[in-house]
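An overview of the molecular structure
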Amino acid sequence: SQQGEEDPQALSIQEGENATMNCSYKTSINNLQWYRQNSGRGLVHLILIRSNEREKHSGRLRVTLDTSKKSSSLLITASRAADTASYFCATEVSGGSNYKLTFGKGTLLTVNP
Amino acid sequence: EAGVAQSPRYKIIEKRQSVAFWCNPISGHATLYWYQQILGQGPKLLIQFQNNGVVDDSQLPKDRFSAERLKGVDSTLKIQPAKLEDSAVYLCASSRMEGGRLGLMDEQFFGPGTRLTVL
């Protein structure tokens, strides 16, 4: 079942610009994670933000979480051509003793040189 | 540290044939996951192992899919018989997640995936 929904589905920007992607989800979560997937490669974990956190930074990445609105955003500053990839948000929910990730459909980011 | 290994990287079969995928997780990782990623969608969890026990297989089509993790290390995922709609990338991931929630252990490490085409 779909938990996270990324917006927009596709985003095209010029190198040096900032890119913002949003994620909305439906049920209460333990944490929310962002992953990147380059063409033909596996997913790479970018950042994790817990339900009691509001903002987190990692290098050029900034993630915010608003649990009242059930939404998160990922900001990539000073984008580079190498940032071209699909970005997925994944929400972690608990089902008894089991914790699992549910991924959205992703945002395809294209950074033009 | 070495990453998650998967093989084969690509597989083309005809419908109704069988296929198997192999995964070797990162050494010491207790939890192993198999995901199915259809083109244009996010990964969908098929099955999750904690050591060699299954903790979640609610989205695994058990009439045709099976998976095992012998000795709590390597894992295989099998499809028998395959259908056209099984065409997808099958991703294996692992995480530490040892015996209860450890805050810093939530990251999942993914392998490169196996791209399956069913004709």
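Remember, predicted model here, so these are calculated numbers, not experimental data.

1. With respect to the state of the cysteines
Counted under the stated rule, the structure contains two disulfides over all chains. A sulfur-sulfur separation of 2.0 Å characterises the disulfide bridge that pairs Cys 23 of chain A with Cys 89 of chain A. Judged by the sign of its S-S torsion, about 60 degrees, the bond between Cys 23 of chain A and Cys 89 of chain A is right-handed. Highlighted residues: Cys 23 of chain A in strand β3 (residues 19–24) and Cys 89 of chain A in strand β9 (residues 85–95), separated in sequence by 66 residues. By relative accessible area, which is 0% here, Cys 89 of chain A ends up buried. One disulfide bridge connects Cys 23 of chain B with Cys 92 of chain B, the sulfur atoms lying 1.9 Å from each other. Between Cys 23 of chain B and Cys 92 of chain B, the disulfide has an S-S torsion of -70 degrees and is therefore left-handed. Here the residue Cys 23 of chain B occupies a position in strand β3 (residues 19–24), and Cys 92 of chain B occupies one in strand β9 (residues 88–95), the gap between them amounting to 69 residues.

2. With respect to the sheet that holds strand β6 (residues 55–58) of chain A
Adjacent strands of a sheet form backbone hydrogen bonds with each other and so pair up, either parallel or antiparallel. Residues and elements named next belong to chain A. Across the sheet, which stays open at both edges, the five strands sit in the order β1-β3-β8-β7-β6 with antiparallel pairing between neighbours. Each having just a single partner strand, β1 (5–7) and β6 make up the two edges of the open sheet. Neighbouring strand axes in the sheet, compared pairwise and without regard to direction, differ in orientation by 20 degrees on average. The pairing of strand β7 (residues 61–66) with strand β8 (residues 71–76) spans six bridges and is classified as antiparallel. Bridge pairing links Asp 66 to Ser 71 in β8.

3. Points about the interface of chain B and chain A
With 24 residues of chain B at the interface, the matching set in chain A holds 21 residues. The tally of links from chain B across to chain A stands at zero salt bridges. Our enumeration of links across chain B and chain A arrives at three residue pairs in polar contact (both at pLDDT 80 or more). Looking at the side of chain B that touches chain A, the elements that each hand over two or more residues are β4 (31–37), β5 (44–50) and β6 (53–56) of chain B. A class-by-class count of the residues in the side of chain B that touches chain A yields nine nonpolar, ten polar and five charged.

Quick notes on the rules
Within any chain, residue numbers begin from 1 and follow the written order of that chain's sequence. Each chain takes a letter, starting from A, and each ligand takes a number, starting from 1, following the order in which they are written. Only residues with pLDDT of at least 70 are given local features in this predicted model, and only at 80 or more are side-chain atom pairs given and counted; all residues enter the totals for whole chains, interfaces and linings. With hydrogens and water set aside, each side-chain value is computed from the structure's full complement of heavy atoms. Disulfides are defined as pairs of cysteine sulfur atoms found within 2.5 Å of each other. Think of it this way: any DSSP run of H or I at least four residues long counts as a helix, any run of E at least two long counts as a strand, and we number them from the N terminus. Buried, partly exposed and exposed residues are distinguished by accessible area as a fraction of the type maximum, computed with a 1.4 Å probe on protein chains only: under 20%, between the cut-offs, and over 50%, respectively. Strand pairing requires that DSSP identify at least two bridges connecting the strands. The axes used here are C-alpha line fits, helices contributing only the stretch in contact, and every angle between their N-to-C directions lies in the interval 0 to 180 degrees. Whether two residues touch is decided by their heavy atoms; if any such pair falls within 4.5 Å, the residues are in contact. Whenever Lys or Arg places a side-chain nitrogen within 4 Å of a carboxyl oxygen from Asp or Glu, that contact is recorded as a salt bridge. Nitrogen and oxygen atoms within 3.5 Å of one another constitute a polar contact, given that in protein one can donate a hydrogen and the other can accept it, and given that sequence-neighbouring residues count only through two side-chain atoms. Throughout, the ten residues Ala, Val, Leu, Ile, Met, Phe, Trp, Tyr, Cys and Pro are labelled nonpolar, Asp, Glu, Lys and Arg are labelled charged, and all others, Gly among them, are labelled polar.

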